[in-house]
Amino acid sequence: MTDHPARAVPRPALVGIFGGLFAGYLGLTAVIPVLPAFLRDRHAAGDLVVGLVVTVTAGTALLVRPVAGALADRYGHRTVMLTGALVAALGGLLYFLPLAVPALVAVRLLLGAGEAALFTAGAVWTVALAPHHRRGQLIGLYGVSMWGGISAGTFLGATLQQVSFTAVWALAAAAPLLAAALIALVPVPHGEPGTAAPREPGTTAQRGAGTAAQRKSRGGGGLLLRPALLPGTALALGAAGYAGLAAFVVLHLDARGIGSGVLVLSCFSAVYAGTRLVIGHLPDKLGPRRVAAWSAAGEAVGLTIVALAPNLPVAVAGGVVTGVGFSLLHPSLALMVMNRAEPTRQGAAIGAYTSFWDLGLAVWGPVTGLVAATLDYPAVFGVGAVCAVAAAAMAAWIGRPAGGAGGTGRTGSERTEARAA
């Protein structure tokens, strides 16, 4: 079988999807820097309550992502992504009510579900619209849109807090409504009611080759969906380094008398985005297995440099190396998932895969805190480096698919890896 004939990148559609994701996350994260002060000011809440209210969204996101992906496969990715944006807008409006802390927790749980639907459906929609030779690159750019929304949201939220809490709530409601409008303007792909994945060439029998036995062989549901299991585990391992860097690089450099840990984080973030913009095509060109393995290895090297850094320039260099490696790990592993999932289950697969990110942060947050408390700060980055090495080994070990996604023939990235093997 040959690949589907090359299609042009549907720029107007991707503008709507990427713009919708950016605006959605802008609204979702505008409240993050504001909630601690709000809870202390209006509810006299302690640290435990503040931590619960701020982070509880991850619990619903972890559970809802695979469900949202499966619903997107069945009812269409625009429908589910639009629903996620509207749920996020509803959550923003609910902040205006004089809610007690338990009700705020319920609102945050609702927002976690909206975020999961927004991100997961949009991710698979992006891949479905993309030419095969650009899928990995566009997955990376999709992530840049998300992180851009997070950065803008936290900045604008902190700025509007100087005006009033009400101004922040207004942004939290208005931005997802803008996201919903942008998403609604994107047309559903022709001939695909109920799904967003364009059909590949082949006979009806070939397209229907996903028999019950074959689906059973691909196994599992939720987080255990087989195409997502090993790449997702590698992603969760890679998350250890990010969790350690975000939580402890400032304290680590302060303890060494170096300071300016925020600069390391800023350089990491800038390089993380810039790498996807400049060399985000590498997973498509060189193959996702190879790029994932090298990316995780690069993350390990960068974390080791940060752990041993004797001065600020070396620490910044470590942050830069970590950012370059970590940037391409997610899109490479995501492309591996998409290559291995049947077309009718790609939404469920990518939903399960992204849930491993939530799971990784949920696990590594307290683990790195325990390591810092019982050992020292360099050990935090050492643990992250070891996990990144394990992620690299896992990415390199994951077997190549026998015949591409859903039996439709290998993609260009898969053939590249086959030639290199």
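See above for the structure.
All residue numbers refer to positions counted from 1 along the written sequence of the respective chain. Restriction of local features to residues with pLDDT of at least 70 applies here, the model being predicted, together with a cutoff of 80 or more for giving and counting side-chain atom pairs; totals for whole chains, interfaces and linings are based on all residues. Excluding hydrogens and water, the side-chain values take into account all heavy atoms of the structure.

Student: What exactly am I supposed to notice about helix 5 (residues 77-94) here?
Tutor: Count 3.6 residues to each turn of an α-helix, and residues three or four apart come out pointing the same way. If you check helix 5, its first and last C-alpha atoms are 26 Å apart, about what 18 residues at 1.5 Å a residue would give, namely 26 Å. Each residue is assigned to one of three classes by its accessible area relative to the maximum for its type, calculated with a 1.4 Å probe on protein chains only: buried under 20%, partly exposed between the two thresholds, exposed over 50%. A helix here means a DSSP run of H or I that spans at least four residues, while a strand means a run of E at least two residues long, and both kinds are numbered starting from the N terminus. For helix 5, the full list of buried residues reads His77, Val80, Met81, Gly84, Ala85, Ala88, Ala89, Gly91 and Gly92. Buried residues along helix 5 sit against helix 1 (11-29), helix 4 (57-75), helix 6 (101-129), helix 7 (135-160) and helix 8 (165-184). Helix span is expected to be 1.5 Å times the residue number reduced by one. We call two residues in contact when some of their heavy atoms are within 4.5 Å.

Student: Hey, could you run me through the packing of aromatic side chains in this one?
Tutor: The way to describe two aromatic rings as a pair is by their centre distance and the angle between their planes. Aromatic contacts are taken between Phe, Tyr and Trp rings whose centres are within 6.5 Å, Trp giving its six-membered ring; a plane angle under 30 degrees counts as stacked, one over 60 as edge-to-face, and the others as tilted. Taken as a whole and assessed by the stated rule, the structure comprises 16 aromatic pairs. Judged by centre distance (5.5 Å) and plane angle (45°), the rings of tyrosine 242 and tryptophan 357 are tilted. With tyrosine 242 in helix 11 (residues 226-255) and tryptophan 357 in helix 16 (residues 346-374), this pair connects stretches of sequence that are 115 residues apart. One aromatic cluster is present, built from ring pairs that chain together Trp147, Tyr242, Phe268, Tyr272, Phe326 and Trp357.

Student: I keep staring at the nonpolar core and nothing clicks. Help me out?
Tutor: For soluble globular proteins, nonpolar side chains are generally found buried alongside one another. Ile17, Met81, Tyr95, Trp169 and Leu333 are the most contacted members of the largest nonpolar core, which has 106 residues in total. Residue contributions to this core peak at 13 residues, all from helix 6. We call a set of buried residues a nonpolar core when its members are Ala, Val, Leu, Ile, Met, Phe, Trp, Tyr or Cys and they connect through side-chain atoms within 4.5 Å of each other.

Student: Can you walk me through a nonpolar patch on the surface in this structure?
Tutor: Put simply, a patch holds well-exposed residues, over 30% relative accessible area, that have no salt bridge, with like charges counted together within 9 Å and Val, Leu, Ile, Met, Phe, Trp or Tyr side chains within 5 Å. Accessible areas in this description were obtained via Shrake-Rupley with a 1.4 Å probe; residue shielding takes into account the shown protein chains only. Between Lys or Arg on one side and Asp or Glu on the other, a salt bridge is scored when a side-chain nitrogen of the former is within 4 Å of a carboxyl oxygen of the latter. There is a patch of nonpolar side chains on the surface, built from Val67, Leu71 and Tyr75 and spanning about 280 Å² of accessible area. Topologically, leucine 71 is positioned in helix 4.

Student: It is not clear to me how the packing of helix 3 (residues 47-55) against helix 6 should be interpreted in this structure. Could you clarify?
Tutor: Pairs of packed helices are described in terms of their axes, by the angle between the two and the distance that separates them. Between helix 3 and helix 6, whose axes approach to 8 Å, the crossing angle comes to 30°. Judged by the angle between their axes, helix 3 and helix 6 are roughly parallel. In this structure, helix 3 contributes Val49, Leu52, Val53 and Val54 to the contact, and helix 6 contributes Val101, Val105 and Arg108. Throughout this entry, Asp, Glu, Lys and Arg are counted as charged residues, while Ala, Val, Leu, Ile, Met, Phe, Trp, Tyr, Cys and Pro are counted as nonpolar. The remaining residues, Gly among them, count as polar. When its residues are assigned to classes, the contact of helix 3 with helix 6 shows 6 nonpolar, no polar and 1 charged. In this description, a line fitted to the C-alpha atoms serves as the axis of each element, helices being fitted only across the stretch in contact, and the angle between N-to-C directions of two axes falls anywhere from 0 to 180 degrees. Any angle between 65 and 115 degrees counts as roughly perpendicular, while under 35 counts as roughly parallel, over 145 as roughly antiparallel, and the rest as oblique.

Student: In this structure, what is going on with helix 11? I would like to understand it.
Tutor: Taking 1.5 Å of rise per residue, the 30 residues of helix 11 would be expected to cover 44 Å, and the 43 Å separating its terminal C-alpha atoms lies within 8% of that figure. Think of it this way: the bend at a residue is just the angle between two axes, each fitted to seven residues, one set ending at that residue and the other starting at it. The axis of helix 11 is deflected most strongly, by about 60°, at phenylalanine 248. Glycine 257 occupies a position one or two residues after helix 11 and carries a positive phi of about 75°.

Student: Would you mind going over the environment of valine 320 with me for this structure?
Tutor: Examined against the element boundaries, valine 320 turns out to sit in helix 15 (residues 312-340). Residue valine 320 is classed as partly exposed on the basis of its relative accessible area, which comes to 28%. When the C-alpha positions of valine 320 and valine 264 are compared, they lie 7.9 Å apart, and in sequence the two are 56 residues distant. Residues contacting valine 320, with those up to four places away along its chain left out, are Cys267 and Val271.

Student: So what exactly am I meant to see when it comes to the environment of leucine 177 here?
Tutor: Tracing the backbone through its elements, the reader meets leucine 177 in helix 8. On the accessibility criterion, leucine 177 (45% relative accessible area) is partly exposed. Each C-alpha atom of the pair leucine 177 and alanine 23 lies 8.4 Å from the other, and the pair is 154 residues apart in sequence. Apart from residues lying up to four places away in sequence, leucine 177 is in contact with Leu86 and Ala89.

Student: Explanation requested: the environment of alanine 393 in the structure shown.
Tutor: Mapped onto the elements, alanine 393 comes out in helix 17 (residues 377-397). Overall, alanine 393 belongs to the partly exposed group, its relative accessible area being 47%. Residues alanine 393 and alanine 297, 96 residues apart in the sequence, show an inter-C-alpha distance of 8.7 Å.

Student: Is there a simple way to explain the side chain of threonine 126 in this structure?
Tutor: One can find threonine 126 in helix 6. Once you skip the residues sitting within four places of it in the chain, threonine 126 turns out to touch Leu14, Ile17, Phe18, Leu138 and Tyr142.

Such coordinate-based values are descriptive only and should not be taken to indicate function.
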